[in-house]
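Report on the structure
Letter by letter, the chains look like this.
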Amino acid sequence: MTYLNEAIPSDEYRVLEAIGTQLGTALSNIRHHAGTREGLAALSIANENLEIYIELATEAQEEERKRLSRELHDDTMQSLVLTLAQIDMATTRDLPDVATARLAAARGILTETLVNVRRFCRDLRPSLIDDLGL
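Described below are features of the structure shown in this document. All figures in this text were calculated on a predicted structure; none of them were measured in a lab. (Residues numbered from 1 in each chain as written. Predicted model: local features only at pLDDT ≥ 70, side-chain atom pairs only at ≥ 80, totals over all residues. Heavy atoms only, no water.)

**Description of the overall build of the protein chain**
When its secondary structure is counted, the protein chain shows three helices and zero strands. Counting from the amino terminus, helix and strand elements in the protein chain follow one another as α-α-α. Buried positions account for 8% of the 134 residues belonging to the protein chain. Long-range contacts, defined as pairs at least 24 residues apart, comprise 74% of the intrachain contacts of the protein chain with a sequence gap of at least 6. Surface summary for the protein chain: the accessible area is close to 11,100 Å², and the carbon and sulfur share equals 60%. (Helix = DSSP H or I, 4+ residues; strand = E, 2+ residues; numbered from the N terminus. Buried < 20%, exposed > 50% of the residue type's maximum accessible area, 1.4 Å probe, protein only. Contact = heavy atoms within 4.5 Å. Areas by Shrake-Rupley, 256 points an atom, 1.4 Å probe, with all protein chains shown as cover.)

Here it is in structure tokens:
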């Protein structure tokens, strides 16, 4: 066993050096690949969490729109309709022309407001959404 005491020929030394360099590069690539995999896994989890958050935020927004639409319809519109009825009852009495004109103007404003509130309700929560089950 004289190999231990003999010097490595320069050709073999260069080959061994090249193999060592390639092994070092391969190990570095393996570490980099593992780090990339971990990063991708974390990114995937973050993406799933973001999708869940977006879904919950959208549901909350839709519920709030539904609530606002219902409140506008049930409370505000009912009050406006009742006020219109009271104006109509008041105009059946003998009133001065000025008062009749003012009541007619108020009735016009209330009627326009009712139309706008109905439109707001439809815009907040189109019935097509519920009809399609969306």
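**Looking at the nonpolar core**
Listed in full, the nine residues of the largest apolar core are Met77, Leu80, Leu84, Ile87, Leu103, Leu110, Leu114, Val117 and Cys121. Breaking this core down by element, the ones donating at least two residues are helix 1 (10-91) and helix 2 (97-124). Top element by residues in this core is helix 2. It accounts for five residues. When near neighbours in sequence (up to four residues on either side) are disregarded, Ile87 contacts Leu103, Ala106, Arg107 and Leu110. (Core = buried A, V, L, I, M, F, W, Y, C linked by side-chain atoms within 4.5 Å.)

**Re the packing of helix 1 against helix 2**
Interaxial distance between helix 1 and helix 2 falls to 9 Å at its minimum, and their mutual angle equals 165°. Taken together, the axis directions place helix 1 and helix 2 in an arrangement best described as roughly antiparallel. Note on packing geometry: the crossing formed by helix 1 with helix 2 is left-handed. Class assignment for the residues of the contact of helix 1 with helix 2 results in 16 nonpolar, seven polar and five charged. (Axes fitted to C-alpha atoms, helices over the stretch in contact; angles between N-to-C directions. Parallel < 35°, antiparallel > 145°, perpendicular 65-115°, else oblique. Left-handed = near helix turned anticlockwise from the far one by under 90°. Nonpolar A, V, L, I, M, F, W, Y, C, P; charged D, E, K, R; others polar.)

**Digging into the pattern of salt bridges**
Taken as a whole, this structure holds five salt bridges when the rule is applied. Between Glu71 and Arg67 there is a salt bridge, and its shortest N-O distance comes to 2.5 Å. Here Glu71 and its partner Arg67 are both found in helix 1, four residues apart, which amounts to about one turn of the helix. Under the relative-accessibility criterion, Glu71 is labelled partly exposed at 37%. Under the relative-accessibility criterion, Arg67 is labelled partly exposed at 31%. Residues Asp88 and Arg107 are paired through a salt bridge, measuring 2.5 Å at the closest nitrogen-oxygen approach. Of this pair, Asp88 sits in helix 1 while Arg107 sits in helix 2, and the two are 19 residues apart along the sequence. In this structure, a network of salt bridges that share partners links the residues Glu64, Arg67 and Glu71. (Salt bridge = Lys/Arg side-chain N within 4 Å of Asp/Glu carboxyl O.)

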